[in-house]
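In case you want the letters, here they are:
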Amino acid sequence: MLGLPDPVTACLFDLDGVLTQTAKIHAAAWKQLFDEYLRDRARRTGEEFVPFDAHADYDEHVDGLPRDDGVRGFLSSRGIEVDDDEVRRLGDRKNELVQQIIERDGVQAYDGSIAYVHAARDAGLRRAVVSSSSNCRAGLQAAGILDLFEEIVDGHVTRDLGLRGKPAPDSFLEGARRLGVPPDRAAVFEDALAGVQAGRDGGFGYVVGVDRVGQRDALRAHGADVVVDDLADLT
Ligand SMILES: O=P(O)(O)OC[C@H]1O[C@@H](O)[C@H](O)[C@@H](O)[C@@H]1O
C-alpha cells in the first residue's frame, strides 16, 4: 500500500527535508554560524580560512543530528575540540539564525509529502514525526500540518527521555513505541544519511530515502530500501 510492503502499518516521518523545506534553512544557518566561527579563528591563529560547505559538510557531519552533536561533529572533522559551554553558545547562535530566517520566510511543506500523509491517514496508517529538531512542533504549526500526526518525537522529547540522537535508532524506536507498532511494521522516511542509518539499525520494516540534494547513492549505502525524489513518487 502506498509503495510500502504489506506488513507496514505505521509511518515515521522525519521533518526537515522530508515534510518541510527547512533542511535548506538549517544548512544556511549552519553555514553562517561556522563561517563566522572559522573566519574568526583563522584571524586569531593565522590558519587558512576554509569555509563550511553547505552540501558536503552539512550532509556528512550535521544533517539529521541533534544540534549539539552537529556542532561537535563538524568542528571535530576540522580537528577542533570545544567544551560544553562553547557547544551551547554556538548552538544558541545557530538557533537564533534559524528562527530569524523562519520569521522572515515562513515554513513551506512539500506538496507531495502532504498529499502522501493525507493518503496514509485515509488508508488507516498510523503517523508520527520523528525529528532531532527542537523547532519541530513550531515548524509543523507554521506549515499548517501539525494535526496530521498522532505523535511527535522531537529534540525536546529525546533530551527529556535521555535518548541517543540520530544516527542511533532511539528516536524512531520511541516513535514506533508511541504508535503501538513493532519496528518491523513501521516505515521510516528520511532525507539525512544519519536518519537513514538510524532506520536501518533500528530494524524497521522499510526505509524510504528522500533525495532532495543528489545523494541517492549515499542514501542507498546508508541503508535506504528505496530512494525517491519526492514522496509523490511512491504512489
Ligand atoms: O537546531 P534544531 O532546530 O534543534 O535542529 C537540530 C537539527 O535537526 C535536524 O532535523 C536537521 O537536519 C539539522 O540540520 C538540525 O541542526
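- An unreviewed UniProt entry annotates the protein as Beta-phosphoglucomutase originating from Baekduia soli.
- Turning to the protein, the UniProt record has this under Cofactor (unreviewed entry): "Mg(2+)".
- Per UniProt, the comment on the protein under Sequence similarities (unreviewed entry) is "Belongs to the HAD-like hydrolase superfamily. CbbY/CbbZ/Gph/YieH family."

### Some remarks on the overall build of the protein
Here comes step 1: The helix and strand tally for the protein stands at ten helices and six strands.
Here comes step 2: Taken over C-alpha atoms, the radius of gyration comes to 17 Å for the protein, in line with the 18 Å a tight globule of 235 residues would show.
Here comes step 3: Considering only C-alpha atoms, the protein reaches an extent of 60 × 35 × 35 Å along its principal axes.
Here comes step 4: Looking at the protein residue by residue over its 235 residues, the buried ones come to 46%.
Here comes step 5: Partitioning the contacts of the protein with sequence separation of at least 6, the portion at a separation of at least 24 is 60%.

### Let's talk about the domain arrangement of the protein
Here comes step 1: In terms of domain boundaries, the protein breaks down into domain 1 (10–21 + 107–234) and domain 2 (24–105).
Here comes step 2: Computed over C-alpha atoms only, the centres of domain 1 and domain 2 are separated by 24 Å.
Here comes step 3: If you look at the interface, domain 1 gives 17 residues, while domain 2 gives twelve residues.
Here comes step 4: Elements with a minimum of two residues in the side of domain 1 that touches domain 2: α7 (155–161) and α9 (193–201).

### Some points on the confidence of the model for the protein
Here comes step 1: Confidence along the protein averages 97 in pLDDT terms, with 100% of residues attaining 70 or more.
Here comes step 2: Here the predicted complex scores 0.97 on pTM and 0.98 on ipTM.

### Here we look at the site of the ligand
Here comes step 1: With respect to spatial proximity, 19 residues lie near the ligand, and among them H26, R67, S133, S134 and N135 are the closest.
Here comes step 2: The set of elements that each furnish at least two residues to the shell around the ligand consists of α1 (23–45), α3 (67–77) and α4 (84–105).
Here comes step 3: Of the residues belonging to the shell around the ligand, the class tally is six nonpolar, ten polar and three charged.
Here comes step 4: Counting contributing residues, the shell around the ligand receives three or more from each of domain 1 (10–21 + 107–234) and domain 2 (24–105).

### Brief notes about α3
Here comes step 1: For α3, the complete set of buried residues consists of R67, D69, G70, V71, R72, F74 and L75.
Here comes step 2: Packed against the buried residues of α3 are α1, α2 (56–62), α4 and α7.
Here comes step 3: Immediately beyond the C-terminal end of α3, within one or two residues, lies G79, with a positive phi of roughly 75°.

### A short note on the packing of α1 against α4
Here comes step 1: Packing of α1 against α4 leaves a shortest axis separation of 9 Å and a crossing angle of 135°. The angle between α1 and α4 falls in the class oblique. Like other packed secondary-structure pairs, α1 and α4 cross with a definite hand, here right-handed. For the pair α1 and α4, contact is made by I25, H26, A28, A29, W30, Q32, L33 and Y37 and by L90, R93, K94, L97, V98, I101 and I102, respectively.
Here comes step 2: Its residues placed into classes, the contact of α1 with α4 shows eleven nonpolar, two polar and two charged.

### Considerations on the pairing of strand β1 (residues 10–13)
Here comes step 1: Side-chain alternation along β1 places A10 and L12 on one buried face and C11 and F13 on a second face that is also buried.
Here comes step 2: Inspection of the sheet shows β1 paired to strand β4 (residues 186–190) by four bridges, in the parallel sense. Note that in β4 the partner of A10 across the bridge is A186.

The rules behind these values
Positions within a chain are numbered from 1, following the residues in the order the chain's sequence is written. For a predicted model such as this one, the threshold for reporting local features is a pLDDT of at least 70, and the threshold for listing and counting side-chain atom pairs is 80 or more; totals across whole chains, interfaces and linings nevertheless cover every residue. UniProt positions are given in the numbering used here, feature names are shortened, and annotations may be inferred rather than shown by experiment. Labels follow the DSSP assignment, with helices taken as runs of H or I lasting at least four residues and strands as runs of E lasting at least two, numbered in each case from the N terminus. Two things to know: the radius of gyration comes from C-alpha atoms, and the globule rule equals 2.2 Å times the number of residues to the power 0.38. Working definition of burial: number of other C-beta atoms within 10 Å of the residue's own, with buried at 20 or more, exposed at 12 or fewer, and partly exposed in between, all C-beta atoms being placed from the backbone. Remark: residues whose backbone-derived C-beta atoms lie within 7 Å of one another are considered to be in contact. Each domain span listed reflects an automatic or database assignment of domains. Confidence per residue, as judged by the predictor, is encoded in pLDDT with a range of 0 to 100. A molecule or strand has a residue near it when that residue's C-beta atom, placed from backbone coordinates, lies within 6 Å of it. In this count, Pro and Cys sit with the nonpolar residues alongside Ala, Val, Leu, Ile, Met, Phe, Trp and Tyr, while Asp, Glu, Lys and Arg are called charged and the others, Gly among them, polar. Every axis corresponds to a line fitted to the C-alpha atoms, with the helix fit spanning only the stretch in contact, and the corresponding angles, defined between N-to-C directions, vary from 0 to 180 degrees. Roughly parallel means an angle under 35 degrees; roughly antiparallel, over 145; roughly perpendicular, 65 to 115; everything else is oblique. Crossings are assigned a handedness: left-handed for a near helix turned anticlockwise from the far helix by less than a right angle, right-handed for a clockwise turn. Only strands that DSSP links by at least two bridges are regarded as paired with each other.

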